[in-house]
Amino acid sequence: MTTPHVLIVGTGAAGAAAARRLATEREVRVTLVGDTEVTPYTRMLIKGIAFGSTPPELIALPLPEVDRLADSVTRIDPVDREAHLASGARLGYDALVIATGSRPRLLPDTLPGAQTAMEHGRVSPLHSLPDALRIRARLAWLGRPARVAIYGGGIIAAETASTLHDAGHTVLLIARSTVPGAAAFGAPVAERLVAAHQSRVHTYFGHTVSRVDAADPGVVVTLDDDRPLIADLLLLALGTLPAAPAPWAGGVDVDEHLRTGLPRHYAAGGVALHHDEALGAWRIDHWEDAVAQGTHAARVALHDLDLGDDPGPYLPRSPFLALVYGHAITGVGATVGATSLLETGDEFVVRHERGDSVIGVTGIDAVGTVAQWGPRLHAGTVTCDIAQAPLLGGGGG
Ligand SMILES: Cc1cc2nc3c(=O)[nH]c(=O)nc-3n(C[C@H](O)[C@H](O)[C@H](O)COP(=O)(O)OP(=O)(O)OC[C@H]3O[C@@H](n4cnc5c(N)ncnc54)[C@H](O)[C@@H]3O)c2cc1C
């Protein structure tokens, strides 16, 4: 029998992790395809390039010893099991792991002035290494503390606001929600973050941007109440959308084993749209969770190739960490669902529950306590014995 060929598309957190898991298996041949002209890098570290002095080579992502191809996959033919590449080549496979991550949500094309302001470099997402280098160049070119407007309410918006504020820049933080971050960390943590933002940066919560105009030398950002905000740069931190090659239009639906429904086709990381009994429909776009999903998809592929045990269903247990105004905002697992507070002395810890299970935990300055929950999530019975703490109250997540 010929050695089965596993193709992994995407050289980010999930793809590299899948390749790492398979690299030591002698019974499979592995090819890792990463975008043309992209030297694989650790996406979450581009902040240090945009706002710090990190050299790009320092965030290169180490990859395992497998066959590598620098080419972009334009289309997958799941029936013939072939990947079509931008170079015109085709690559056959026996099993496929799609790990193509996500793309940034941008301003709508219809928003007046958006296209021109993007073209003039006055509006930028912070998602790729080229974005980070462009932002760094713009801040350096100003040669003075900048006025930076940030549009978005999640983790990247919060961290960016904090980093720029600490570096002496003036920050204008715009978010559609009156409690930005509630979707990312749950309402209790987000409510505390609102107060932290309001005491340090200019906040425009509960507002959207209705137009942007490139001005000399910056940008005028007009809010939905017609207020014009003048800034040197508008950074977009509006979250991400899953990005997969055709025939998938957006994300790739997967079941609890990260199987796509097509035999021996799997997806992992930011591109994967999960549907399972325990959590319903969910998507997590964090580094450690993408790593865990990539590893899991590789193990399921080995099992389906009769080369390994069934690893069971995938359930998110990975941690994330953001440093915001000197505080550690941490989470583990699925940080959605109904919330209840745990009283743990000086620490602020929130459990996220679905049914009778704790599915995620978030906290402020409670790194150790939150991390301890990872292995205990999804256990089926809500307990609060980690801190031996009473349940203080509940609220919508
Ligand atoms: C500014 C920023 C800060 C962040 N900070 C944190 C943080 O502090 N903590 C945290 O947990 N997460 C953070 N994240 C999120 C984290 O980086 C992502 O969740 C993680 O990278 C997702 O991994 P992935 O493998 O799914 O996708 P990626 O790491 O994005 O990898 C996808 C890869 O696929 C390649 N690719 C895409 N399409 C194709 C194609 N058609 N053909 C070939 N290759 C393709 C891409 O070039 C890329 O290399 C941050 C993200 C950003 C943008």
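Computed from a predicted model, the values in this text were never measured in an experiment.

Let us now look at the overall build of the protein. A count of helices and strands for the protein gives nine helices and 27 strands. Relative to the globule expectation of 21 Å for 397 residues, the C-alpha radius of gyration of the protein, 22 Å, shows essentially globular dimensions. Projected onto its principal axes, the C-alpha positions of the protein cover 70 × 55 × 35 Å. Summarising the internal contacts of the protein: among those between residues at least 6 apart in sequence, 62% fall at separations of at least 24.

On to the site of the ligand. Not every one of the 36 residues close to the ligand is listed here, only the nearest: Gly10, Gly12, Met44, Gly101 and Gly269. Elements supplying a minimum of two residues to the shell around the ligand: α1 (13-23), β2 (29-34), α8 (287-304) and β22 (319-324). Looking at the shell around the ligand, its residues break down into 19 nonpolar, twelve polar and five charged. Both domains that furnish three or more residues to the shell around the ligand are identified here as domain 1 (5-103 + 241-304) and domain 2 (114-238).

A word on the sheet that holds strand β20 (residues 272-276). Pairing in this open sheet of three strands is mixed, and the strands run β18-β20-β21 from one edge to the other. The open sheet terminates on both sides in strands that have one partner only, identified here as β18 (252-254) and β21 (280-282). With direction set aside, neighbouring strand axes in the sheet form an average angle of 20 degrees. When β18 meets β20, the two strands line up parallel, connected through three bridges. Within the sheet, the bridge partner assigned to Val252 lies in β20 and is Ala272.

Topologically, Val221 is positioned in strand β14 (residues 219-223). Put simply, Val221 and Gly113 are 108 residues apart on the chain and 9.6 Å apart in space, counted from C-alpha to C-alpha.

Spatially, the five strands line up as an open sheet ordered β3-β2-β1-β7-β19, and their pairing is parallel. The sheet is open, and its two borders are formed by β3 (67-70) and β19 (265-267), each paired with just one other strand. When the angles between neighbouring strand axes are averaged without regard to direction, this sheet yields 20 degrees. Relative to β19, strand β7 (residues 95-98) runs parallel, the two being bridged by three bridges. From the neighbouring strand, Leu96 faces β19, where its bridge partner is His265. On the sheet, α8 packs against β1 (5-9), β7 and β19 and is oriented at approximately 165 degrees with respect to β7.

The subject of this paragraph is helix α7 (residues 187-198). Its twelve residues place the ends of α7 16 Å apart at the C-alpha level, agreeing with the 16 Å of an ideal helix rising 1.5 Å per residue. Among all positions of α7, only Pro188, Val189, Ala190, Leu193 and His197 are buried.

Within β1, four of the five residues are buried, which leaves it mostly tucked inside the rest of the structure. With five bridges connecting them, β1 and β2 associate as parallel partners. From the neighbouring strand, His5 faces β2, where its bridge partner is Arg29. For the segment spanning β1, α1 and β2, crossover handedness is right-handed. Two strands pair when backbone bridges link them, and β1 and β7 are joined in this way by four bridges, in the parallel orientation. Bridge assignment links Ile8 to a residue of β7, and that residue is Val97.

Two faces belong to every sheet, and in a regular strand the side chains alternate between them. Sheet topology note: the strand β13 (residues 209-214)/β14 ladder contains five bridges and is antiparallel. Bridged to Ala214 within β14 is Val219. Between β13 and β14, which pair antiparallel one after the other, the connecting turn spans four residues. Looking at chain direction, β14 and strand β15 (residues 228-231) are connected through four bridges and run antiparallel. Across the sheet, residue Val219 finds its bridge partner in β15, namely Ala231.

Next up on the list: the domain arrangement of the protein. You can read the domains of the protein as domain 1 (5-103 + 241-304), domain 2 (114-238) and domain 3 (326-395). The partner domain 3 presents eleven residues to the six residues of domain 2 that form the contact. Counting residues per element, the side of domain 2 that touches domain 3 draws most heavily on α7, which supplies four residues. For the side of domain 2 that touches domain 3, the class distribution of residues is four nonpolar, one polar and one charged.

One full turn of an α-helix is made of 3.6 residues, so residues set three or four places apart face in the same direction. Under the 1.5 Å per step criterion, the end-to-end length of helix α5 (residues 155-166) is 16 Å for twelve residues, consistent within 8% with the ideal 16 Å. Burial runs high along α5: nine of the twelve residues are buried. Remark: Gly168 follows α5 within two positions and exhibits a positive phi of approximately 95 degrees.

Conventions used here
Residues numbered from 1 in each chain as written. Predicted model: local features only at pLDDT ≥ 70, side-chain atom pairs only at ≥ 80, totals over all residues. Helix = DSSP H or I, 4+ residues; strand = E, 2+ residues; numbered from the N terminus. Rg over C-alpha atoms; globule rule 2.2 N^0.38 Å. Contact = placed C-beta atoms within 7 Å. Near = placed C-beta within 6 Å. Nonpolar A, V, L, I, M, F, W, Y, C, P; charged D, E, K, R; others polar. Domains from an automatic or database assignment. Pairing = 2+ DSSP bridges. Axes fitted to C-alpha atoms, helices over the stretch in contact; angles between N-to-C directions. Expected span 1.5 Å × (residues − 1). Buried ≥ 20, exposed ≤ 12 C-beta atoms within 10 Å, placed from the backbone. Right-handed = clockwise from strand over helix to strand, strands pointing away.

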